[in-house]
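Structural overview for review
Each chain, letter by letter, is given below.
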Amino acid sequence: MKRPLLTRTSLAGVLACTAVVATLVSPAGARSASPAALPGLRTPEGPVVLPNLDDDARRCTMRPGDLDRLDVAVDERLAACHDAADDVVNGPEDAKDLTPLTVPPTAVGRGAQARVSLPAAQGPYARVFVIRGGKYVSLGSDGRLGAEELRHGVRLAVEARDVVRDPKRWDGRIEVTLSVTEHGVTRSARADMHVAPVLLQHDLQRAQHVFAAAPGPGEGQPVEVPAASRPPGQWEEFAGSLRKAAKESGLPEGGLRFQPGTSQWWRDIWRQDIAEPGYVTRPTPHGPQTLRILLRSPNYWTSADGRSASLRRAGRLLYRDLRGPGVGVVQQYTPTAQREKNVDELLNFTGNFESLPPYAGHPQGRILYGSSAERRPDPSFVGMLTAQGQQPPVVLDTSWLLVGHVDETVHVVRANNARGWTLAVSDPRKAVALLEQTRRAGEGGQRLFAGTVAGDKPTVDQFLRYEEHAGDNEDAARRIDGQLSVLLRETGLKPQEIVRLPVLYFRADAGKGLPKRHIAFSPALANGLSLTSRDFAAPVPHGPRVAGRDLFRAETEKALAAGGVRVHWVENFSWAHLGGGEVHCATNALREVP
């Protein structure tokens, strides 16, 4: 929209810092009885408006049975409760989430009429309050202000009621217009504001809160998401080693929380896969005002008879345990019946969505996710991420992996280079080379994963013979080479900067007549949790041993230490690895944000 040209140079100083457009409209032939001051709108803290989706007063609660009901209506009801869902400012903390907008004292007569308005298409996405008698009052669709208010100056406040999801519906603009009519002449001012984009956190940011699953009662086998038939085991070993890693890395007391599920679905232990944490922020004189936004995974289930539908029930823990002051939850999904055939439910797990830290040309970093022509995540969820306009995506082919997540093969780690970070990646060739080293040391007869509950414990010699015949690891290595070619091109990293971690792969049955796909045979070492930029919680590899030394473990510690990163070992073989995931999949973290 073109802005009308202002010709009165005396107004330039007034409007220079206000991000305002002013106009004058009068009926044909009408004349103002006396010159009146042009109305103004000022944005003293800038034009950025937060999507006010947290719950500062903790008024949003769950009903009995909400965690278990297979009903998408439960998910919609939970998502609909937040601070912007009503026209009330829910206390002083909620008031901080609003962006101030002021009308300076305006010389008008008693008969003047004023109105604050938003374009009709923007009305559902923003709300304007006026402060009267020390209280915030929603202006609603009427938006009227009194002449006396104008003469004294008016304090307004603006909240956004959602994030940008689809720019064709709403592109985030919030155009607040003040119209003042007096003596048949209408004068207007406009403040061009916009909602803050959601930015994904990245793994170099220090973890402040870490959450993971715990066993629940009963069978606990979910029906709404793909899950291994084998129950997760040895939780005590997992939890104890994770607690130790958290303590050693300086995570505050109480910063680690274990969330048991219910008897209907507790085996859905993949906390990384229920949400991708992000944040929104705006500047204030007291420092940034920030809200966390948890982007719930778009996992949508429909019963075989089509009568029932639900989002992933483990995702409702976000509402029970995390939504509250400073934390909101957003869910964006496409119902099964409306999806294209190549949308893969496994790729909708949010372990498939990560981010790269800032680097030259990308001051907010970039989104990283897995997709291909054969298998892709929900386009509406991806569209919401890209609609933020700040973190252009890097897309990797993960279709060859059984699960299909980027976190299976890639992790951001600290580095002693100019940008301060690099990528740790799975390296099957290195893993095979270490097996060959073990055989040359006369240890080819030792069994892999000795001391674990693994059902398959081949000797080193047996696995090498299998690899010579099947070539699973060489094939996985070529696939990872393809991922790396994309990453090096998009980031500018050099091959010698990449941290390569030994991981063995094998091809497993993908079911439904599909070709076999790769899954980590040994724990995927890149699939760990960064607790700080210098502390990395990795799965114990249970690799081949020479002279009592685990070669996979030693190689990982050496490779990461070169970048100033200390490894904390977490025992997740039975709890996560045998179910198709690792430490990163089984945990999630809320990190320090600007």
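Before reading on, note that the structure itself is shown above.
The following refers to the structure shown.

What counts and what doesn't
- Residues numbered from 1 in each chain as written.
- Predicted model: local features only at pLDDT ≥ 70, side-chain atom pairs only at ≥ 80, totals over all residues.
- Heavy atoms only, no water.
- Helix = DSSP H or I, 4+ residues; strand = E, 2+ residues; numbered from the N terminus.
- Buried < 20%, exposed > 50% of the residue type's maximum accessible area, 1.4 Å probe, protein only.
- Contact = heavy atoms within 4.5 Å.
- Areas by Shrake-Rupley, 256 points an atom, 1.4 Å probe, with all protein chains shown as cover.
- Lys, Arg positive; Asp, Glu negative; His and termini not counted.
- Charge placed at Lys NZ, Arg CZ, Asp CG, Glu CD.
- Polar contact = N/O pair within 3.5 Å; in protein donor to acceptor, adjacent residues only side chain to side chain.
- Pairing = 2+ DSSP bridges.
- Right-handed = clockwise from strand over helix to strand, strands pointing away.
- Axes fitted to C-alpha atoms, helices over the stretch in contact; angles between N-to-C directions.
- Arc of directions from axis to C-beta.
- Expected span 1.5 Å × (residues − 1).

Right, let's talk about the overall build of the chain for a bit. A count of helices and strands for the chain gives 11 helices and 32 strands. Scored against the burial criterion, the 594 residues of the chain give a buried share of 58%. Contacts in the chain between residues at least 24 apart in sequence constitute 76% of all its contacts with a sequence separation of at least 6. Carbon and sulfur atoms form 51% of the exposed surface of the chain, whose accessible area is close to 24,600 Å². Positive and negative side-chain charges of the chain, numbering 73 and 67 respectively, have mean locations separated by a distance of 5 Å.

Once that is clear, we can look at the side chain of arginine 282. Here arginine 282 shows up in strand β14 (residues 275-282). Taking the relative accessible area as the measure of exposure, arginine 282 reaches 4% and is therefore buried. Looking at arginine 282, its side chain comes within polar contact range of the main-chain oxygen of leucine 98, at 2.7 Å. Excluding anything up to four places from it in sequence, arginine 282 contacts Glu45, Val48, Leu50, Lys96, Asp97, Leu98, Thr99, Pro100, Gly287, Pro288 and Gln289.

Bringing the pairing of strand β12 (residues 207-214) into the picture now. Summarising burial for β12: six of the eight residues are buried, a large majority. Bridge count for β12 against strand β13 (residues 256-260) is five bridges, and the pairing is parallel. Residue pairing for β13: alanine 213 is matched across the bridge by glutamine 259. Handedness of the β-α-β unit built from β12, helix α5 (residues 235-248) and β13 comes out right-handed.

As a further point, take the sheet that holds strand β3 (residues 99-103). Spatially, the four strands line up as an open sheet ordered β3-β8-β5-β6, and their pairing is antiparallel. Looking at the sheet topology across the chains shown, the edges are occupied by β3 and β6 (135-138). Between one strand and the next, the sheet's axes are offset by a mean angle of 35°, whatever the strand orientation. Relative to strand β8 (residues 154-160), β3 is paired through five bridges, and the arrangement is antiparallel.

Another point: the sheet that holds strand β24 (residues 499-502). With mixed pairing, the three strands of this open sheet are ordered in space as β22-β23-β24. On the outer flanks of this sheet lie β22 (410-414) and β24, each paired with one strand and no other. Between one strand axis and the next, the sheet turns by 35° as a mean value, whatever way the strands run. With four bridges connecting them, strand β23 (residues 421-427) and β24 associate as parallel partners. Bridged to valine 425 within β24 is arginine 500. Contacting β23 and β24, helix α8 (residues 428-440) crosses the sheet at an angle of about 55° to β23. Each of β22 and β24 touches helix α11 (residues 551-561); the most contacted strand, β24, lies at about 170° to it.

Among the residues making up helix α2 (residues 72-80), those that are buried are Val72, Val74, Asp75, Leu78 and Ala79. The arc enclosing the buried residues of α2, seen along the axis, measures out at 150°, which places them on a common side. Between a side-chain oxygen at the N-terminus of α2 and the backbone nitrogen of alanine 73 the separation is 2.9 Å; the capping residue is aspartate 71.

With 20 residues, helix α10 (residues 472-491) extends 28 Å from end C-alpha to end C-alpha; this agrees with the ideal 28 Å at 1.5 Å per step. What α10 keeps buried is the set Asp472, Asn473, Asp475, Ala476, Ala477, Ile480, Gln483, Leu484, Val486, Leu487 and Thr491. A positive phi of about 80° marks glycine 492, the residue just after α10.

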